[in-house]
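A look at the structure
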Amino acid sequence: MAKLAARLAEREKIADATYAFRFDVGGKPFAYKSGQTVDVIQPQPRYTDDAGNRRTFSIADAPGKERLLVATRDRGSAFKRSLVEAPLGTALEIDGPYGSFTLPSKPSEVYLLAGGIGVTPFRSMIEDTRERSLDHTLTLIHSNRTPEEAPFLEELIRWGVESAKETSTGKKKRPPRDNSGSTGKNGASGANGGSNSGGGNSGAAGASTLTTSGHPRFIYVPTMTQAARSARGWKGERRRVAPDLLDDLIPADRDSAIYYVAGPERFVQGTVGALKTVGVDEDRIRFEEFPGY
């Protein structure tokens, strides 16, 4: 597969030490499925180290956009420092897309469990489901230490609240223009503060947030495990993603849903173990780790 020439078009800080980047890929949509990844290459990075000038990122946007969105924590590596400090317009290369960490083709009940920046492929899935009015029902359980560290927090809360409002009124918005959330048990709508929405076109305008059966397309349950450290305060869930939390949030019939897990390696291992502990069959679990995030 030939590499695609790209340029750094936008950069925005979306949470503490966390940045969203939009890449211009030639003025036309880049073909991929929500949940897939690309490799980003900096031909002439400002800083170098032994890890090289290439990194893999999950795409954070729904397909069909003219610019490609990724997001990452800045942990001080040469690659990420170079990307954070690069002037807008810097030449890059995109390789991909890659991966099969994508939604089922048929309507499904899906639980998305994210640790921190692991939310990026799930943001793509959620936005895609909303924009195309797919009949998946998506519940995102998103674990962060504080609201200040939670990427896309305000946007995800807004999407969830929109779904909850439509469920309570029984009304749908008009369908999307082409074919191109939440109040869970623990009250995400009462959350205080959070990051901004992550750069420009947040999509989903005019999309229906209900499935054809009238169920909400998206439920958002953020949890802040070190909320006491937050300068903003937090009124929502605080538990870690462990068996007690999962018992309260996932279906009693564990085999009625599919479970996707993404985030740092330690989070993924712990969450997969917790899912198995509460009786989820490992064949119903899909996961993706982000080493070094």
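Attention here is on the structure that accompanies the text. These figures come from a predicted structure and were not determined experimentally. (Residues numbered from 1 in each chain as written. Predicted model: local features only at pLDDT ≥ 70, side-chain atom pairs only at ≥ 80, totals over all residues. Heavy atoms only, no water.)

**A short note on the side chain of Gln42**
Note on placement: Gln42 falls in the loop between strand S3 (37–41) and strand S4 (54–58). The contacts of Gln42, once residues within four sequence positions are left out, are Asn53, Phe79, Ser82, Leu83 and Leu92. (Helix = DSSP H or I, 4+ residues; strand = E, 2+ residues; numbered from the N terminus. Contact = heavy atoms within 4.5 Å.)

**Describing the sheet that holds strand S8 (residues 137–144)**
Spatially, the 5 strands line up as an open sheet ordered S9-S8-S7-S10-S11, and their pairing is parallel. The open sheet terminates on both sides in strands that have one partner only, identified here as strand S9 (218–224) and strand S11 (285–289). Across this sheet, the average inter-strand angle for adjacent strands is 15 degrees, counted without regard to direction. Looking at chain direction, strand S10 (residues 258–263) and S11 are connected through 5 bridges and run parallel. Note on S11: the bridge partner recorded for Gly263 is Glu289. Strand contacts of helix H5 (residues 265–277): strand S7 (109–115), S8, S10 and S11, with the helix running at about 160 degrees to S10, the strand carrying the most contacts. (Pairing = 2+ DSSP bridges. Axes fitted to C-alpha atoms, helices over the stretch in contact; angles between N-to-C directions.)

**Examining the packing of aromatic side chains**
Overall, the coordinates contain 7 aromatic pairs when judged by the stated rule. Judged by centre distance (5.3 Å) and plane angle (65 degrees), the rings of Phe101 and Tyr260 are edge-to-face. The exposure classification of Phe101 matches that of Tyr260, with both residues buried. Through a chain of ring-to-ring contacts, the aromatic side chains of Phe101, Phe122 and Tyr260 assemble into a single cluster. Sitting over the face of the ring of Tyr47, Arg81 holds its NZ or CZ atom 3.8 Å from the ring centroid. Positioned above the aromatic ring of Phe152, the side-chain terminus of Arg123 is 5.3 Å from the ring centre. (Phe/Tyr/Trp six-rings, centres within 6.5 Å; stacked < 30°, edge-to-face > 60°. Buried < 20%, exposed > 50% of the residue type's maximum accessible area, 1.4 Å probe, protein only. Lys NZ or Arg CZ within 6 Å of the ring centre and 35° of its normal.)

**Overview of the pairing of S8**
A large share of S8 lies buried, amounting to 8 of its 8 residues. Side-chain alternation along S8 places Thr137, Thr139, Ile141 and Ser143 on one buried face and Leu138, Leu140, His142 and Asn144 on a second face that is also buried. Two elements, S7 and S8, share 7 bridges in a ladder whose sense is parallel. Counted as the bridge partner of Val110 is Leu138 from S8. The parallel pair S7 and S8, bridged by helix H2 (residues 120–131), forms a crossover whose chirality is right-handed. Direction of pairing for S8 relative to S9: parallel, over a ladder of 7 bridges. Bridge assignment links Thr139 to a residue of S9, and that residue is Ile219. (Right-handed = clockwise from strand over helix to strand, strands pointing away.)

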